[in-house]
Amino acid sequence: MTGWIGIALGDITGIGLEVTLKALAREVETDNSRYLLIGDDGHARRCNEQPGLRLPLEPFRGYNAPGRIFVHRPSPEPLPEILTPGSAVAARAAVEWLTEGGQRCLLGDLDALVTAPVNKEAIIRAGEKSFVGQTEGEDDRHRWLRVALATTHVPLRLVAETLSLQKIELTIELAARACGDLGLPRARVAVCGLNPHAGEGGQLGTEEQSIILPAVTAARNRGLDVVGPIAADTLFYHAYRGDYDAVVAMYHDQGLAPLKMIGFETGVNWTLGLPFVRTSPDHGTAYDIAGQNKASPSSMRAAIRLAKKLAPA
């Protein structure tokens, strides 16, 4: 593919910039895509001095300029060279870069957007509101799990009241559509129950009967290949062996704990329902190893590859 992939560099005090450059050092050899890094150019140049990098970074002067990897700083003022991990300055910049990338995608200038990790706590502390996603990962035997979340970053005690028939049905629809976008031969979706043993017929909770099953039935009546609710402790085993193409989980850890167990370094988050392609690595900012040249680029590279696969031809 030849096209433009935008990469918002995320929280600059974390490992996002490092894993981005490491991933691009390998990825630019595989095709002719061009990359627009949206972030602070000074930090990018300094990080690029690490051994094994020294990529040909160019200042962005337009989409017709020669080159492969460009850096664009949206704000007139550069970021301070020294920033504490999770600083408000870095958090606000990360949101600004993400917004810039999204706007360029909406204008059609970029074919897809990859976003480096941000820290949601830092963003909230900085006064910004944090922003349904599907996450997928594969193990070393190329077995996949694909998980869509009906709720995302919600305290566990609030999950039941946050769920709704409409929200679950929409997540099922997006998960099925995502299977088609990935070119899978089928889109068989399995839906988790919320309670242990999927509620035991109402003995351990009624959400399965009152909310989840009606959503599954509504989706099935629209022609979608969907089953559930199924007890999560058995569903993931069957999904992992290939019985289902995607799983709809009711809350964050129900879906992402099993996925990260099998594909921690290759997990990719893909935000569904947007008018453009947006992916990100499925790990955080890792402040504890930032700046030490220790971070693995595997998940970021997987995110870039998925973005290129999903980008319009």
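Definitions and limits used
Residues numbered from 1 in each chain as written. Predicted model: local features only at pLDDT ≥ 70, side-chain atom pairs only at ≥ 80, totals over all residues. Heavy atoms only, no water. Axes fitted to C-alpha atoms, helices over the stretch in contact; angles between N-to-C directions. Helix = DSSP H or I, 4+ residues; strand = E, 2+ residues; numbered from the N terminus. Parallel < 35°, antiparallel > 145°, perpendicular 65-115°, else oblique. Left-handed = near helix turned anticlockwise from the far one by under 90°. Contact = heavy atoms within 4.5 Å. Nonpolar A, V, L, I, M, F, W, Y, C, P; charged D, E, K, R; others polar. Core = buried A, V, L, I, M, F, W, Y, C linked by side-chain atoms within 4.5 Å. Buried < 20%, exposed > 50% of the residue type's maximum accessible area, 1.4 Å probe, protein only. 1 Å grid on protein atoms, 1.4 Å probe; cavity = no way out; pocket = protein on both sides within 12 Å on 5 of 7 lines; lining within 4 Å. Points joined across faces, edges and corners; volume = space filled by probe spheres on them. Pairing = 2+ DSSP bridges. Arc of directions from axis to C-beta. Polar contact = N/O pair within 3.5 Å; in protein donor to acceptor, adjacent residues only side chain to side chain. Salt bridge = Lys/Arg side-chain N within 4 Å of Asp/Glu carboxyl O.

### Describing the packing of helix α6 (residues 165–181) against helix α7 (residues 207–221)
Across the interface, α6 lies against α7 with an axial gap of 8 Å and an inter-helix angle of 45 degrees. The angle between α6 and α7 places the two elements in the oblique class. Note that α6 runs across α7; the crossing there is right-handed. Contact residues: Leu165, Ile168, Glu169 and Ile172 in α6; Ile211, Ile212, Pro214, Ala215, Val216, Ala218 and Ala219 in α7. For the contact of α6 with α7, a count of residues per class yields 10 nonpolar, no polar and one charged.

### Regarding the nonpolar core
If you look at the biggest cluster of nonpolar residues, it comprises 55 residues, and the most contacted ones within it are Ile7 and Leu37. With sequence-adjacent residues up to four places away left out, leucine 37 is seen in contact with Ile7, Leu9, Thr20, Leu21, Leu24, Leu57, Ile69, Phe70, Val71 and His72. Residues Ala148, Ile172, Ala176 and Met250 belong to the second largest nonpolar core, which totals 21 residues.

### Points about empty space enclosed by the protein
Summary: where empty space remains is shown by rolling a probe the size of a single water molecule over the atoms. Approximately 30 Å³ is the volume attributed to the largest cavity. Taken together, Trp144, Leu145, Arg146, Ala239, Tyr244, Asp245, Ala246 and Val247 make up the lining of the largest cavity. Secondary structure elements with two or more residues in the lining of the largest cavity: β7 (144–149) and β10 (246–249). Of all the elements, β7 adds the most residues to the lining of the largest cavity, at three residues.

### A word on the pairing of strand β4 (residues 69–72)
The side chains of a regular strand alternate, residue by residue, between the two faces of the sheet. Residue alternation in β4 divides its side chains into two sets, Ile69 and Val71 and Phe70 and His72, and both sets are buried. The pairing of strand β2 (residues 34–38) with β4 spans four bridges and is classified as parallel. Among the inter-strand pairings, isoleucine 38 is bridged to a residue of β4, identified as histidine 72. Looking at chain direction, strand β3 (residues 57–59) and β4 are connected through three bridges and run parallel. Within the sheet, the bridge partner assigned to leucine 57 lies in β4 and is isoleucine 69.

### A short note on the pairing of strand β5 (residues 112–115)
Burial of the side chains of β5 extends over both faces: Ala112 and Val114 are buried on one face and Leu113 and Thr115 on the other. Pairing of strand β1 (residues 4–8) with β5, which is carried by four bridges, proceeds in the parallel orientation. Its bridge partner being in β5, glycine 6 is matched across the sheet by leucine 113.

### Observations concerning helix α8 (residues 232–240)
Those residues of α8 that sit buried are Ala232, Leu235, Phe236 and Ala239. For α8, the arc enclosing every buried residue in end-on projection is 95 degrees, short of the 170-degree limit, so these residues lie on one face. Pointing more than 90 degrees away from the buried face of α8 are the exposed residues Asp233 and Tyr237. Turning to α8, the residues buried within the fold contact β7, β8 (189–192), β9 (226–230), β10 and α9 (252–263). The first or second residue beyond α8 is glycine 242, which carries a positive phi of 100 degrees.

### Side note on unusual backbone geometry
Look at the link from glycine 228 to proline 229: it is a cis peptide, with omega at 0 degrees. Although it is not a glycine, glutamate 200 adopts a positive phi angle of roughly 50 degrees. Among the structural elements, glutamate 200 can be located in the loop between β8 and α7. The backbone of asparagine 293 sits at a positive phi, close to 60 degrees, despite the residue not being glycine.

### Notes on the side chain of serine 75
Within the secondary structure, serine 75 sits in the loop between β4 and α3 (88–106). The class for serine 75 is buried, based on a relative accessible area of 19%. Separated by 3.2 Å, the side chain of serine 75 and the backbone oxygen of glutamate 77 make a polar contact.

### A few points about the pattern of salt bridges
When charged atoms on two side chains of opposite charge get close, those side chains can pair. On inspection of all chains with the given rule, the structure shows 17 salt bridges. Arginine 104 is the salt-bridge partner of glutamate 100, the closest N and O atoms lying 2.8 Å from each other. Linking glutamate 100 with arginine 104, this pair stays in helix α3, spanning four residues, or about one helical turn. A single burial state applies to glutamate 100 and to arginine 104, both of which are buried. One network of salt bridges, in which partners are shared, links Glu27, Asp31, Arg68, Arg301, Arg305 and Lys308.

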